[in-house]
Amino acid sequence: MKTNLFKVYKTGLASLTVIVGLSFLNTGFAEEKADTKGDFARGAKTWVENCVRCHNVRDPKELRDDQWITTSFHMRIRAGLTGQQTRDVIKFLQSSN
Amino acid sequence: MKTKLTSLACFIGLAISSNTMAQTEIEKLRSEVDALNKKAQEWEAYQSVKQKMEQDVSLLNDKAKEWEEWKAPKTLVHLAGFADVGYTDRQDQTGSFSFGGFSPIFHYQFADQFMLEAELEFEITEAGKSEASIGYLTIDWFVNDYVALVAGKFLSPLGQFRQNIHPSWINKLASAPTGFGHDQAAPNADVGFMARGGYLMQSNNSFNYALYIANGPTLEADGSEIDMIETPGLGKDGDGSKTVGGRFGMFFPDSKFEFGLSFATGKVSVRSGTSPNYSYDASRSYDVAGADFNWRPAGIDLRGEFIQQEYGAESSSVAPDSGQWQAWYLQAAYRFSGTNWEAVARIGEYDTPTNSKDVEQITLGANYLFATNLVGKLSYEFNDNPNAGLTAADRVLVQLAYGF
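What counts as what
- Residues numbered from 1 in each chain as written.
- Chains lettered and ligands numbered in written order.
- Predicted model: local features only at pLDDT ≥ 70, side-chain atom pairs only at ≥ 80, totals over all residues.
- Heavy atoms only, no water.
- Axes fitted to C-alpha atoms, helices over the stretch in contact; angles between N-to-C directions.
- Helix = DSSP H or I, 4+ residues; strand = E, 2+ residues; numbered from the N terminus.
- Parallel < 35°, antiparallel > 145°, perpendicular 65-115°, else oblique.
- Left-handed = near helix turned anticlockwise from the far one by under 90°.
- Contact = heavy atoms within 4.5 Å.
- Nonpolar A, V, L, I, M, F, W, Y, C, P; charged D, E, K, R; others polar.
- Pairing = 2+ DSSP bridges.
- Expected span 1.5 Å × (residues − 1).
- Buried < 20%, exposed > 50% of the residue type's maximum accessible area, 1.4 Å probe, protein only.
- Polar contact = N/O pair within 3.5 Å; in protein donor to acceptor, adjacent residues only side chain to side chain.
- 1 Å grid on protein atoms, 1.4 Å probe; cavity = no way out; pocket = protein on both sides within 12 Å on 5 of 7 lines; lining within 4 Å.
- Points joined across faces, edges and corners; volume = space filled by probe spheres on them.

S.K.: Help me get a handle on the packing of helix α3 (residues 65-79) of chain A against helix α4 (residues 83-96) of chain A, residues and values and all.
M.R.: Residue and element names in this part refer to chain A. Running from N to C, α3 and α4 point in directions that differ by 150 degrees, and their axes come no closer than 9 Å. Considering their axes alone, α3 and α4 lie roughly antiparallel with respect to each other. Handedness of the crossing formed by α3 with α4: right-handed. Only Gly83, Thr86, Val89, Ile90, Leu93 and Gln94 of α4 make contact with α3, whose side of the interface consists of Asp65, Trp68, Ile69, Ser72, Phe73 and Arg76. When its residues are assigned to classes, the contact of α3 with α4 shows six nonpolar, four polar and two charged.

The following block contains the structure:
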């Protein structure tokens, strides 16, 4: 049973590698249209839904605009956010601090 | 004579008349001079105000430029991190004040393409010495909206606790779950290369992934038994084979539910000797499997995690038998409505190849949130293992944690 579990995991690893490989081609699941400025409403929703997956929600007024940029990119890595979600969250935080 | 007198009178009359006209002219000129003086004074006042305003505008331009530099330079610098202090009273031992740790995190970001992230970890030993280490140091390249490449020493992406929940201001109890501390069942860090990111589905659900290849762990033997698996992020691949692994997560925001599956596979070997003259015996199989979830129904924060590391048998090794580390926990937290108080309960278990280190643990806690990132905690751990001695003693922990 234990061996089977690891076989399943290794199959998953291979499948996921293919998915990530495809994403390099920017084909994947990209229904989002690039909005380089970010969207306040989408950002507020992403912020509320995702921050609490791990920690208490931080007050937008805690940091300056530039600090929210680095913090949001850090959280993009940690939470697995897309680039568009990150830009939306930055727009929301910079407009709310 | 009469004629002369008449001429003189005319002359005098003309002179008087001329003098009167001259006086009038002078008065007129004087008025004009006064008017010019007044205009000159007004001009000087205007010039003075103008000069002052130009100086103010110049100053404002400098300030605006300075602000723009802070707002949108190509390179951004930010210091974040966390720290905690506290008191620990272990059953049958004298309680001690403790400095849990100070972990500044440096962010250096170049445009929206690259970021250097580095977390330093400062601790004070029982002997009072300060120790510093690098928790992680990576350079991240944001290739596109869905992929970031991460290279360097990174926190293990297997599971959630080690990579995301361990900072003291995030962890809702004053200690890590049993088995999720350093060099226990959950891998801590690794040195290598990783791709990670996420996708947003049309249903608003999203999935996130992390895939890595790295040097992997090493084993420490005590006689003919494996005593410990070390996963601090080794700078050398002693077993000659890279470890590959990752985590796949799905998040359902409408249900406030996320689950993740983790896996890794590779080789591992027993390390002996002292730095820098380590030697490694024959390599053997190494596998990791894990699962985690978090769910927030009705304001209750529920999360749980399972992780398992195992190594295979190797007859030529000083410790030939196979073994397995396994740990799990379930945690529930609830913040009372309209207050800053939070109650937490956690149950967990840690199984090791060495039975004396096994722990069954229940932890209860009460927290006060001075702010969302500044938390006072009072936790009580019930630890149980009839073979474990002090390592399984109950503990009271008081902690003040600050995330910045």
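S.K.: Let's hear about the sheet that holds strand β13 (residues 279-280) of chain B: which residues, and what values?
M.R.: All names here are of chain B. Pairing in this open sheet of four strands is mixed, and the strands run β9-β8-β12-β13 from one edge to the other. Taken across any chain shown, the strands that pair with only one partner, and hence form the sheet edges, are β9 (225-230) and β13. Looking at chain direction, strand β8 (residues 218-222) and strand β12 (residues 270-272) are connected through two bridges and run parallel. Bridged to Glu220 within β12 is Arg271.

S.K.: Please provide a residue-by-residue account of the pairing of strand β4 (residues 130-142) of chain B, values included.
M.R.: Residues and elements named next belong to chain B. With 11 bridges joining them, strand β3 (residues 114-124) and β4 adopt antiparallel strand pairing. Counterpart to Glu119 in the pairing with β4 is Tyr136. A loop of five residues connects β3 with β4, the two strands running antiparallel in sequence, and Gly128 in this loop sits at a positive phi of about 90 degrees. Count of turn residues in the β4/strand β5 (residues 148-155) antiparallel hairpin: five residues.

S.K.: Explain helix α2 (residues 40-51) of chain A residue by residue, including any values.
M.R.: Residue and element names in this part refer to chain A. Along its 12 residues, α2 runs 16 Å from first to last C-alpha, staying within 8% of the 16 Å computed at 1.5 Å per residue. The complete set of buried residues in α2 reads Gly43, Ala44, Thr46, Trp47, Glu49 and Asn50. Put simply, Asp39 is the residue that caps the front of α2, since its side-chain oxygen is 3.2 Å from the backbone nitrogen of Ala41.

S.K.: How would you sum up the layout of surface pockets? Please name residues and give values.
M.R.: Residues and elements named next belong to chain A. Of the voids in this model, the second largest pocket is the one considered here, and its volume is about 720 Å³. It is α4 that provides the largest number of residues to the lining of the second largest pocket, a total of seven residues. Looking at side-chain class alone, the lining of the second largest pocket contains 11 nonpolar, eight polar and nine charged residues.

Interpretation note: all reported values are geometric properties and have no functional meaning in isolation.
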